[in-house]
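# Residue-level structural notes
Spelled out, the chains give:
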Amino acid sequence: MDGFIKRRSLWMVVPVFLTCGPFYGMLYLNRGAVWLGYFFAVWFFFVISWAARLDPDGNFWTVVSVLFFSIGLVHGIVIARNRDPNEPLKWYARWYLPAIFMVLLAWSLIAQYSG
(Lines give C-alpha, C1' and ligand atoms only; values in the text may rest on other atoms or scores of the structure.)
Protein backbone atom coordinates (compact mmCIF):
# COMPACT_ATOMS: atom_id res chain seq x y z
CA MET A 1 0.00 0.00 0.00
CA ASP A 2 2.85 2.38 0.74
CA GLY A 3 4.23 2.22 -2.82
CA PHE A 4 0.73 2.67 -4.19
CA ILE A 5 0.27 5.93 -2.29
CA LYS A 6 3.76 7.23 -3.08
CA ARG A 7 3.23 6.90 -6.83
CA ARG A 8 0.82 9.84 -6.95
CA SER A 9 -1.11 8.41 -9.87
CA LEU A 10 -3.58 10.57 -11.75
CA TRP A 11 -6.63 8.92 -10.29
CA MET A 12 -5.41 9.89 -6.82
CA VAL A 13 -4.27 13.39 -7.80
CA VAL A 14 -7.54 14.50 -9.39
CA PRO A 15 -9.76 13.86 -6.32
CA VAL A 16 -7.22 15.56 -4.04
CA PHE A 17 -7.17 18.63 -6.28
CA LEU A 18 -10.94 18.71 -6.67
CA THR A 19 -11.63 18.40 -2.96
CA CYS A 20 -8.72 20.27 -1.39
CA GLY A 21 -7.77 22.69 -4.15
CA PRO A 22 -4.40 23.49 -5.68
CA PHE A 23 -2.85 24.42 -2.33
CA TYR A 24 -3.04 21.01 -0.71
CA GLY A 25 -2.75 19.35 -4.10
CA MET A 26 0.67 20.86 -4.67
CA LEU A 27 1.77 19.81 -1.21
CA TYR A 28 0.48 16.31 -1.99
CA LEU A 29 2.58 16.31 -5.17
CA ASN A 30 5.69 17.28 -3.20
CA ARG A 31 5.90 20.75 -4.74
CA GLY A 32 6.36 23.18 -1.87
CA ALA A 33 7.72 26.02 -4.00
CA VAL A 34 4.75 25.82 -6.38
CA TRP A 35 2.43 25.84 -3.36
CA LEU A 36 4.11 29.02 -2.21
CA GLY A 37 3.53 30.56 -5.65
CA TYR A 38 -0.19 29.75 -5.51
CA PHE A 39 -0.35 31.08 -1.95
CA PHE A 40 1.21 34.42 -2.91
CA ALA A 41 -1.00 34.66 -6.00
CA VAL A 42 -4.10 34.37 -3.82
CA TRP A 43 -2.74 37.01 -1.48
CA PHE A 44 -2.05 39.23 -4.51
CA PHE A 45 -5.67 38.93 -5.61
CA PHE A 46 -6.79 39.57 -2.03
CA VAL A 47 -4.77 42.80 -1.86
CA ILE A 48 -6.11 43.90 -5.24
CA SER A 49 -9.70 43.24 -4.19
CA TRP A 50 -9.12 45.04 -0.90
CA ALA A 51 -7.46 48.03 -2.59
CA ALA A 52 -10.23 48.25 -5.17
CA ARG A 53 -12.84 47.82 -2.42
CA LEU A 54 -14.57 45.02 -4.28
CA ASP A 55 -17.62 43.40 -2.76
CA PRO A 56 -16.56 40.19 -0.95
CA ASP A 57 -19.81 38.52 -2.04
CA GLY A 58 -19.41 39.61 -5.65
CA ASN A 59 -18.36 37.69 -8.72
CA PHE A 60 -14.66 38.53 -8.42
CA TRP A 61 -13.85 35.80 -5.90
CA THR A 62 -16.03 33.29 -7.74
CA VAL A 63 -14.07 33.89 -10.93
CA VAL A 64 -10.73 33.78 -9.08
CA SER A 65 -11.68 30.53 -7.34
CA VAL A 66 -12.79 28.83 -10.54
CA LEU A 67 -9.61 29.97 -12.29
CA PHE A 68 -7.35 28.76 -9.46
CA PHE A 69 -9.07 25.39 -9.23
CA SER A 70 -9.00 24.90 -13.02
CA ILE A 71 -5.42 26.04 -13.52
CA GLY A 72 -4.31 24.15 -10.42
CA LEU A 73 -5.98 20.93 -11.58
CA VAL A 74 -4.37 21.06 -15.02
CA HIS A 75 -1.03 21.99 -13.47
CA GLY A 76 -1.34 19.11 -11.01
CA ILE A 77 -2.12 16.61 -13.77
CA VAL A 78 0.94 17.76 -15.75
CA ILE A 79 3.15 17.48 -12.67
CA ALA A 80 1.75 14.04 -11.79
CA ARG A 81 2.42 12.75 -15.31
CA ASN A 82 6.00 14.01 -15.35
CA ARG A 83 6.83 13.22 -11.74
CA ASP A 84 9.60 10.79 -10.86
CA PRO A 85 7.96 8.02 -8.76
CA ASN A 86 11.23 7.44 -6.87
CA GLU A 87 11.45 11.05 -5.69
CA PRO A 88 11.60 11.08 -1.88
CA LEU A 89 8.58 12.71 -0.26
CA LYS A 90 9.08 15.68 2.00
CA TRP A 91 7.27 16.03 5.31
CA TYR A 92 4.40 18.01 3.77
CA ALA A 93 3.70 15.52 0.98
CA ARG A 94 2.20 12.75 3.10
CA TRP A 95 -1.24 11.45 2.22
CA TYR A 96 -2.73 12.22 5.60
CA LEU A 97 -2.43 16.03 5.31
CA PRO A 98 -5.30 16.33 2.79
CA ALA A 99 -7.24 13.79 4.84
CA ILE A 100 -6.76 15.84 8.01
CA PHE A 101 -7.75 18.98 6.09
CA MET A 102 -10.98 17.36 4.89
CA VAL A 103 -11.84 16.14 8.40
CA LEU A 104 -11.24 19.62 9.85
CA LEU A 105 -13.28 21.20 7.07
CA ALA A 106 -16.18 18.82 7.65
CA TRP A 107 -15.91 19.36 11.40
CA SER A 108 -16.02 23.14 11.03
CA LEU A 109 -19.01 22.98 8.65
CA ILE A 110 -20.90 20.72 11.04
CA ALA A 111 -20.09 23.03 13.95
CA GLN A 112 -21.14 26.09 11.97
CA TYR A 113 -24.47 24.75 10.72
CA SER A 114 -25.49 22.48 13.58
CA GLY A 115 -27.19 25.05 15.64
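It should be emphasised that the depicted structure is a prediction, and the values quoted were computed from it without experimental measurement. (Residues numbered from 1 in each chain as written. Predicted model: local features only at pLDDT ≥ 70, side-chain atom pairs only at ≥ 80, totals over all residues. Heavy atoms only, no water.)

## Focus: the overall build of the chain
For the record, the criterion: Where helices and strands are cited, they refer to DSSP runs of H or I of at least four residues and of E of at least two residues respectively, numbered from the N terminus. Between two residues, a contact is recorded if the distance between any of their heavy atoms is within 4.5 Å. A 1.4 Å probe and the Shrake-Rupley method give the accessible areas. Residues count as covered only by the protein chains that appear here.
Scanning the chain for helices and strands turns up five helices and zero strands. Secondary structure of the chain in N-to-C order comes out as α-α-α-α-α. When the backbone C-alpha atoms are referred to their principal axes, the chain occupies close to 50 × 35 × 20 Å. Sequence separation of 24 or more characterises 67% of the internal contacts of the chain that already satisfy a separation of 6 or more. Element-wise, carbon and sulfur atoms account for 72% of the exposed surface of the chain, whose accessible area totals about 7900 Å².

## Looking at the pattern of salt bridges
Going by this rule: The salt bridge criterion pairs a side-chain nitrogen of Lys or Arg with a carboxyl oxygen of Asp or Glu, the two atoms within 4 Å. For every residue, the accessible area obtained with a 1.4 Å probe (protein chains only) is divided by the maximum for its type, and the residue is called buried under 20%, exposed over 50%, and partly exposed between those limits.
Tallied over the full model, the rule gives two salt bridges. The closest approach of N and O atoms between Arg31 and Glu87, which form a salt bridge, is 3.1 Å. Taken together, the residues span a long stretch of sequence, with Arg31 in the loop between helix 2 (10-28) and helix 3 (32-51) and Glu87 in the loop between helix 4 (59-82) and helix 5 (96-113) at a distance of 56 residues. Residue class for Arg31 comes out partly exposed when judged on its relative accessible area of 22%.

## Considering the packing of helix 3 against helix 4
Put simply, the rule is: Working convention: axes come from line fits to C-alpha atoms, limited for helices to the stretch in contact. Angles between N-to-C directions cover 0 to 180 degrees. By definition in this entry, angles of less than 35 degrees are roughly parallel, angles greater than 145 are roughly antiparallel, angles of 65 to 115 are roughly perpendicular, and the rest are oblique. By the definition used in this description, the sense in which the near helix is turned from the far one sets the handedness, with an anticlockwise turn below a right angle giving left-handed and a clockwise turn giving right-handed. Put simply, Ala, Val, Leu, Ile, Met, Phe, Trp, Tyr, Cys and Pro go in the nonpolar bin, Asp, Glu, Lys and Arg in the charged bin, and everything else, Gly too, in the polar bin.
Between helix 3 and helix 4, the least distance of the axes is 12 Å, while the angle of their chain directions is 165 degrees. Judged by the inter-axis angle, helix 3 sits roughly antiparallel to helix 4. Judged by the twist between their axes, the crossing of helix 3 over helix 4 is right-handed. Of helix 4, the residues touching helix 3 (which contributes Val34, Tyr38, Ala41, Val42, Phe45, Phe46 and Ser49) are Phe60, Trp61, Val64, Phe68, Ile71, Gly72 and His75. Class assignment for the residues of the contact of helix 3 with helix 4 results in 11 nonpolar, three polar and no charged.

## Details of the side chain of Ser49
Note that Ser49 resides in helix 3. Judged by its relative accessible area of 6%, Ser49 is buried. Once residues lying within four places of it in the same chain are set aside, the contact partners of Ser49 are Leu54, Phe60 and Trp61.

## Observations concerning the confidence of the model for the chain
Put simply, the rule reads: Within a predicted model, pLDDT stands for the predictor's per-residue confidence, ranging from 0 to 100.
Averaged over every residue, the pLDDT of the chain is 83; the share at 70 or more is 91%. The least confident element of the chain is helix 1 (residues 2-6), whose mean pLDDT is 54; the most confident is helix 4, at 89.

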